[in-house]
Amino acid sequence: MNTELNSIKGKKVLVIGDVMLDTYHIGDVKRISPEAPVPVVRVTRTYNVLGGAANVARNLLGLGCSPYVVSLLGNDHNGNTMQEMFADLGIRNELFYTDHPTITKTRVIGNSQQVVRLDFETENECLNEETEQKLLDAVKRALPEVDIVVISDYGKGVCNDTVCQQVISASARQGKKVIIDPKGTNWEKYRSATIITPNLKELSAVSGVDVRNEDKEIHSAADRILKEYNLTSLLVTRSEKGMSYIAPDASQDIPTEAREVYDVSGAGDTVVATLAAALAAGIPIADAIYLANKAAGIVVGKIGTSPILFKELQDELQIGKPASKLIPISQLADTIKQLRAGAQNHIHKRLLRHSAQRTRVLSRKGQKTGGRTYRRIEFGQLSKTFERGIAPYQ
C-alpha cells in the first residue's frame, strides 16, 4: 500500500467549485459580558485558512499533488487575501472577480470551544453569462494537462447546471474521471459523473426519503440514484459507521476506526481530495476508498479545518494506528515546510489541545524510554520554534 501511496505524488487535479476564506479568532474566556448573557472572548491569535473548494486544493497539496483551482472571488480585501494565500502556497489557479463579496466564514473560539460563527456571503448568487463562460474557458484550458477533475459544490453559485454538465461532458471526451462533492437536491446537473460523495443527510435529501444509517437502506437508495442519474458509482460517508461504496457491479461497506473525534470540519474535503489523488494515480477503487477512509480518520482528530498531510497518511499505513505525537528533530524542518504548504494551523492546534502537557520531541540525546531516545522541550519553546516557520496568516 505504501508503494501505491507514493504514486499519488505529483498528480495534477483540477478543482472547480466555491472557494471561501475561513477566519479563526482564538482566545480565552474568563467572564460573561455585562451587555448580554454571552461570553467575552479575549482574542490572542487570529489566522486565515483556505476553505470550501480551496480546502480540497489544500488537502491535495498536503498529499503531494498539484492542484489547479478554477473559481470566483469577490473584488475585496478577503479576495486579495485569498489570492496571496494561493500564491504563497504555490497553488495554480484561475480566479475571476465578481461583484459579490468573497465568501468568508469567521469562527470565534474561546477556551477551545467554538462560541459563534459569522458567515459573510450573498444568498442565491447567480453566474452571469460572461462569468460562466470565463469559468468554462478556464476549465477547457486546464483539462488537457490534468489527471482527474473534482467538482466541489458548496451551493454558492459556481457549480450551476451549465458549468457542471459542460465540465462532466468535456472531461468524459478526454477520458478524465469526475468526482463530485454534492450540495442540494438538484442532481440532474451531476448526471453521468464518475463518483459522487454524499453524506447520509444529502443521500436522504436527494432520495426524497429518510434513509437510516443502515447498510440495506443505504444500498437501496444508492441503487435508485445511480440509475436515475446515470452515475458510475456513489461513495456515501456515514459518520461513525464509515463509508459505503455502491456501483452497479460492486458494493462495499468500510467501517470507520475508533478514535477520539475533535472536529469534523473539512473531513468531506479530505475524502474527496484523497480519493481523487488515488484514482488519478491508477490505484484500484477499493484501495482508493481505504486511503480516503484513513485520511478522514486522521483529520477528524484535529481541531478546525485542517488538511491531511502525506506523512500522516504514510505513518498511519505503516503502523496501523494514529500518527505519533512524537516528532523527530530531524523531521522538524520538513514538518514546518508542509505546514507552510497547506496545513499552517495543524501543529498549533495540536499544541493548543495539549498545552497543559509537555511535548516530546525525539533527539539523539536524552533519556531512553522503551527503546526510544527523547528529550523534553517545554510547550512555549516548541511553540516559538514553529511560529518562526509558519506562514504569515498564522
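To be clear, the structure that these remarks concern was listed above.
Residues numbered from 1 in each chain as written. Predicted model: local features only at pLDDT ≥ 70, side-chain atom pairs only at ≥ 80, totals over all residues. Heavy atoms only, no water.

Participant: So what exactly am I meant to see when it comes to the overall build of the protein here?
Facilitator: When helices and strands are tallied, the protein shows 13 helices and 16 strands. Per-residue burial over the protein gives 54% buried out of 394 residues. Surface exposure of the protein reaches about 18000 Å², of which carbon and sulfur atoms provide 48%. (Helix = DSSP H or I, 4+ residues; strand = E, 2+ residues; numbered from the N terminus. Buried < 20%, exposed > 50% of the residue type's maximum accessible area, 1.4 Å probe, protein only. Areas by Shrake-Rupley, 256 points an atom, 1.4 Å probe, with all protein chains shown as cover.)

Participant: Can you walk me through the sheet that holds strand β6 (residues 104–110) in this structure?
Facilitator: The strands making up a sheet are joined through hydrogen bonds of the backbone, oriented either antiparallel or parallel. The four strands lie next to each other as β3-β2-β6-β7, forming an open sheet whose pairing is mixed. Two strands in the sheet have a free side with no partner beyond their single neighbour: β3 (39–52) and β7 (113–120). Averaged over all neighbouring strand pairs, the angle between strand axes comes to 20 degrees, with direction disregarded. Pairing of β6 with β7 involves seven bridges; the strand directions are antiparallel. Along β7, the bridge assignment pairs R107 with R117. (Pairing = 2+ DSSP bridges. Axes fitted to C-alpha atoms, helices over the stretch in contact; angles between N-to-C directions.)

Participant: Help me understand the nonpolar core in this model?
Facilitator: Here is a general trend for soluble globular proteins: nonpolar side chains tend to be buried in one another's company. Formed by 56 residues in total, the largest nonpolar core has its most connected members in F86, I179 and L275. Looking at which element gives the most residues to this core, the answer is helix α8 (residues 267–280), with 10 residues. If we ignore the near neighbours within four places in the chain, the residues touching L275 are I179, I195, T197, L235, I285, A288, I289 and A292. Listed in part, the 43 residues of the second largest apolar core include A138, V139, Y190 and I196. (Core = buried A, V, L, I, M, F, W, Y, C linked by side-chain atoms within 4.5 Å. Contact = heavy atoms within 4.5 Å.)

Participant: Whenever I open this one, the pattern of salt bridges confuses me. Can you help?
Facilitator: Two side chains carrying opposite charge are able to pair once their charged atoms lie near each other. Scanning all chains against the criterion turns up 17 salt bridges. As a salt-bridge pair, R212 and E217 come within 2.5 Å of each other at their nearest N and O atoms. Under the relative-accessibility criterion, R212 is labelled exposed at 54%. On the accessibility criterion, E217 (24% relative accessible area) is partly exposed. In this structure, the salt-bridge partner of E214 is K241, at a minimum N-O distance of 3.4 Å. With E214 in the loop between α6 (200–207) and α7 (215–229) and K241 in the loop between β11 (233–237) and β12 (243–247), the pair connects residues that are 27 residues apart, well separated along the chain. One salt-bridge network, held together by shared partners, links K105, R117, D119, E121 and K156. (Salt bridge = Lys/Arg side-chain N within 4 Å of Asp/Glu carboxyl O.)

Participant: Looking at this structure, I do not really get the pairing of strand β5 (residues 92–98). What am I missing?
Facilitator: Within a regular strand, the side chains alternate between the two sheet faces. Relative to β5, strand β4 (residues 66–74) runs parallel, the two sharing seven bridges. Its bridge partner being in β5, V69 is matched across the sheet by N93. In this view, the connection linking β4 to its parallel neighbour β5 by way of helix α3 (residues 77–89) has right-handed handedness. (Right-handed = clockwise from strand over helix to strand, strands pointing away.)

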